[in-house]
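Listed below are the residues making up each chain.
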Amino acid sequence: MTSEMTDLQKRIMKLKNERKALILAHNYQTLDIQEIADFVGDSLQLARKSAEGNGFDIIIFAGVRFMAEMAAVLANEIPVYIPAPAALCPLAAYVNAETIRKVRREHPGVPVVIYVNTTADAKSEADYICTSGSAVEVVESIGADKVLFGPDANLAEYVRRRTKVEVIDITSKGHCYVHQQFDEAQILLLKEEHPNAIAIAHPECPPDVQDVADIVGSTGMMARTVVQSPHKKFIIATELGMVQQLQACHPEKTIIPAYDHAVCRQMKKNKLEQILEILENLPEANLVSVPKDKEEHIRTILEQMNRVKGQGPAVPVPVES
Ligand code: 13P
Ligand code: SF4
């Protein structure tokens, strides 16, 4: 992605090989982390990669904590470390196990589909799990006429519009503070300024933003679209790490952020220095796990999710050495 690695990046690359470490990074990580990662992708792609870590001694997961927990559950006993243990996704705070038990009592027999952006506690009460890239297929695969879905109400609406299933919000309040900032008028203005551009929005964006986008999909879907589309200009409504990656990987295309301040502060807590520290000292404080009594159920529903096709193949980010 960049022409020359810094001394810190080179040191990490060397130690990574010596330690037999697999570094996985979410699309919202800073570019310096994306450049030293073995694989960069969306939540669904990263869940799949976590399950394919055989041959590595450790996994370092640069993302928010629920993603690293998902990797820990799927990693076949390979220890998983997170650079910033305090990187928590605020969306996860909208539901807990008690919220789910309560909605179940109100809707007996209706299956519960939980977004992966949740705590292990909430996941342990769910029947199905999904990411943004697998939500529609997971809901359709159940074969029920109704589902309880949460916590992201915008993602729930995205699924509602694409299936015949009645999607009932577990909470109507759940949203991502980063994606909630995108605005329909902002996108319409950018489309007017760039009439040939394709607008792509994340399904965590509000429904009116989804309405004016040409494509709505996960961050992996965004990467795949920019790679495969003959179009030259794209308006991107998601976190800026994705925008920066797309521009760095496709200098021949113009990538326009739909909002210049869409930064996930939690994702950005991960730093190269912490990755080096993990490689040098394997600090216990950075090890990730979920409570033992919840692990098996969470693994079962994650593996079930990994079997759906999702929004298409992983698009690896080319890294120059
Ligand atoms: P993706 O799975 O689309 O990468 O989304 C993860 C996320 O946290 C979006 O805010
Ligand atoms: Fe959570 Fe939003 Fe950050 Fe994604 S962008 S990790 S949903 S706060």
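Note that the structure is a prediction, hence the values are computed from the model and not measured.

What counts, and where the lines are drawn
- Residues numbered from 1 in each chain as written.
- Chains lettered and ligands numbered in written order.
- Predicted model: local features only at pLDDT ≥ 70, side-chain atom pairs only at ≥ 80, totals over all residues.
- Heavy atoms only, no water.
- Core = buried A, V, L, I, M, F, W, Y, C linked by side-chain atoms within 4.5 Å.
- Buried < 20%, exposed > 50% of the residue type's maximum accessible area, 1.4 Å probe, protein only.
- Contact = heavy atoms within 4.5 Å.
- Disulfide = S-S within 2.5 Å.
- Pairing = 2+ DSSP bridges.
- Helix = DSSP H or I, 4+ residues; strand = E, 2+ residues; numbered from the N terminus.
- Axes fitted to C-alpha atoms, helices over the stretch in contact; angles between N-to-C directions.
- Right-handed = clockwise from strand over helix to strand, strands pointing away.
- Phe/Tyr/Trp six-rings, centres within 6.5 Å; stacked < 30°, edge-to-face > 60°.
- Near = heavy atom within 4 Å.
- Polar contact = N/O pair within 3.5 Å; in protein donor to acceptor, adjacent residues only side chain to side chain.
- Nonpolar A, V, L, I, M, F, W, Y, C, P; charged D, E, K, R; others polar.

Draft legend 1. The arrangement of the nonpolar core in detail. Among the nonpolar cores identified, the biggest contains 95 residues, and Phe61, Val80, Val113, Phe149, Val159, Ile236 and Leu302 are the most heavily contacted of them. Dropping the residues within four chain positions of it, Val113 is found in contact with Tyr128, Cys130, Val138, Val139, Ile142, Val147, Leu148, Phe149, Gly150 and Ile170. Counting 19 residues, the second-largest nonpolar core is a separate cluster that includes Ile12, Leu15, Ile33 and Tyr81.

Draft legend 2. Highlighting the state of the cysteines. Counted by the stated rule, this structure contains zero disulfides. The thiol sulfur of Cys130 is not disulfide-bonded, and the nearest other cysteine sulfur, from Cys89, lies at 13 Å.

Draft legend 3. Expanded view of the sheet that holds strand S1 (residues 21-26). Strand order in the open sheet formed by four strands is S2-S1-S3-S4, with parallel pairing between adjacent strands. The sheet terminates laterally at strand S2 (39-41) and strand S4 (80-81), the two strands that pair on one side only. Note: strand S3 (residues 58-62) against S4, two bridges, orientation parallel. For Ile60, the partnering residue across the bridge sits in S4 and is Tyr81. Contacting S1, S3 and S4, helix H13 (residues 272-281) crosses the sheet at an angle of about 165 degrees to S3.

Draft legend 4. Molecular detail of the pairing of strand S11 (residues 233-237). For S11, a buried count of four out of five residues is recorded, marking the element as mostly surrounded by other parts of the structure. Across four bridges, strand S9 (residues 198-201) lies against S11 in parallel orientation. Within S11, the position partnered with Ala199 by the bridge is Ile235. Direction of pairing for S11 relative to strand S12 (residues 254-257): parallel, over a ladder of four bridges. Looking at the pairing, Lys233 lines up with Thr254 of S12. One crossover worth recording links S11 to the parallel S12 by way of helix H12 (residues 240-249), and it is right-handed.

Draft legend 5. Examining the packing of aromatic side chains more closely. Scanning the entire structure with this criterion turns up one aromatic pair. Ring geometry for Phe182 versus Tyr259: centroids 6.3 Å apart, planes at 80 degrees, classification edge-to-face. With Phe182 in the loop between strand S8 (166-169) and helix H9 (184-193) and Tyr259 in the loop between S12 and H13, the pair connects residues that are 77 residues apart, well separated along the chain. For Phe182, a relative accessible area of 3% gives the class buried.

Draft legend 6. Layout of the site of ligand 1. In the vicinity of ligand 1, the residues found are His26, Tyr28, Asp42, Ser43, Met67, Asn117, Ser132, His179, His202, Glu204, Ser218 and Thr219. One of the side-chain N or O atoms of Tyr28 is found 3.5 Å from an oxygen atom in ligand 1. Note that an oxygen atom of ligand 1 is positioned 2.6 Å from one of the side-chain N or O atoms of Thr219. Per-class residue counts for the shell around ligand 1 are two nonpolar, eight polar and two charged.

Take it as geometry only, folks, not as evidence of what the structure does.
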